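Take a look at the letters that make up each chain.
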Amino acid sequence: GNSQSIRNVVPLNGRNFSADASVARRVAGSVAVRLGGGWQTGTNSTTGNEFTSHGFTGRFAVEHPRIQVSLSLNQTLANTSPIYSQLLGVDPTAALLLGSLNPIPSDFRGASIAIHAVPMRKVELSITWTQSRQHLAGIVNNDLSLLDARATYHFRKLQFDAGLIRTVQLFSNYPTTSRGRYYVRISRPAKIY
């Protein structure tokens, strides 16, 4: 956890706390199952306004030396006021004029699936898919899907990566945007003393 306090024209106090735990059990030969989860809470307050968030994460994984598959879920419930933050960026004294603002309820939900495989020596394959959705006052504000797939080949001290990153996002009332990128990367580790 942490606690922060800033004293200036607009005082800000923030407190955050999180806890996380996981357990693993070998079920057969080299196969293990891992189950975990966490909880987080936070509060930020300034000039008569208090914004809170509370959420949890859950994780499940099946692990083998050659392949690992994991699933994670995340949910956060909060209240927020984006106009307030924007006004403070322009004029800190605006908080004194605005007084207390009604918080806007918001929620965030996300899910990820990741698969990592080592089908043969020196070759790795990874794929991650993430879907997240955020609501402000019950209306979809941000809907994002992300796919990241890559293949890695190790040759002596060189590492060759080729992959694809693709996103599809719906933000507020704007049209859906889709972006894709292919990449090739060659890297080599170096030690700096």
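What you see is a predicted model, and the numbers here were worked out from it, not measured in a lab. All chains use their own residue numbering, which begins from 1 and follows the written sequence. Whole-chain, interface and lining totals are the exception, using all residues; otherwise, since this is a predicted model, local features are given only for residues with pLDDT of at least 70 and side-chain atom pairs are given and counted only at 80 or more. Excluded from the side-chain calculations are hydrogens and water; all other atoms, namely the structure's heavy atoms, are used.

Engineer: I would appreciate a short explanation of the overall build of the protein chain in the present structure.
Structural biologist: For the purposes of this entry, the term helix denotes a DSSP run of H or I that reaches at least four residues, the term strand denotes a run of E that reaches at least two, and both are numbered from the N terminus. Across its full length, the protein chain carries two helices and 10 strands. The secondary structure elements of the protein chain, listed N-terminal to C-terminal, are β-β-β-β-β-α-α-β-β-β-β-β. Counting over 193 residues, the protein chain shows a buried share of 20%. Pairs at least 24 apart in sequence give 46% of the contacts found in the protein chain among residues at least 6 apart. To be clear on the numbers: accessible area is Shrake-Rupley with a 1.4 Å probe, and residue cover counts the displayed protein chains and nothing else. On the protein chain, roughly 13,200 Å² of surface is accessible, and the fraction owed to carbon and sulfur atoms is 61%. Residue exposure (1.4 Å probe, protein chains only): buried if accessible area is under 20% of the type maximum, exposed if over 50%, otherwise partly exposed. Contacts are residue-level and defined by heavy atoms, with any inter-residue pair within 4.5 Å sufficient.

Engineer: How should the packing of aromatic side chains be read in this particular structure?
Structural biologist: Only rings of Phe, Tyr and Trp enter the pairing, Trp through its six-membered ring, and a pair is recorded when the two centres are within 6.5 Å. The plane angle decides the type: under 30 degrees is stacked, over 60 is edge-to-face, the rest tilted. Enumeration over the complete set of coordinates arrives at two aromatic pairs. An angle of 15 degrees between the planes, with centres 6.3 Å apart, marks the rings of F171 and Y174 as stacked.

Engineer: Can you walk me through the environment of N142 in this structure?
Structural biologist: Within the secondary structure, N142 is located in strand 8 (residues 139–155). For the pair N142 and F171, spaced 29 residues apart in sequence, the C-alpha to C-alpha distance is 4.5 Å. Once residues lying within four places of it in the same chain are set aside, the contact partners of N142 are S132, R133, Q134, Q169, L170 and F171.

Engineer: Just checking my understanding: could you explain the pairing of strand 10 (residues 177–187) for this structure?
Structural biologist: Regular strands place their side chains on alternate faces of the sheet. Buried residues are scarce in strand 10, accounting for one of its 11 residues. Two strands qualify as a pair provided DSSP detects at least 2 bridges between them. In this sheet, strand 10 lies alongside strand 9 (residues 158–171) in antiparallel orientation, the contact comprising 11 bridges. Among the inter-strand pairings, R166 is bridged to a residue of strand 10, identified as G180. If you look at the hairpin formed by strand 9 and strand 10, you'll find five residues sitting between the two strands, and S172 has a positive phi there, around 55 degrees.

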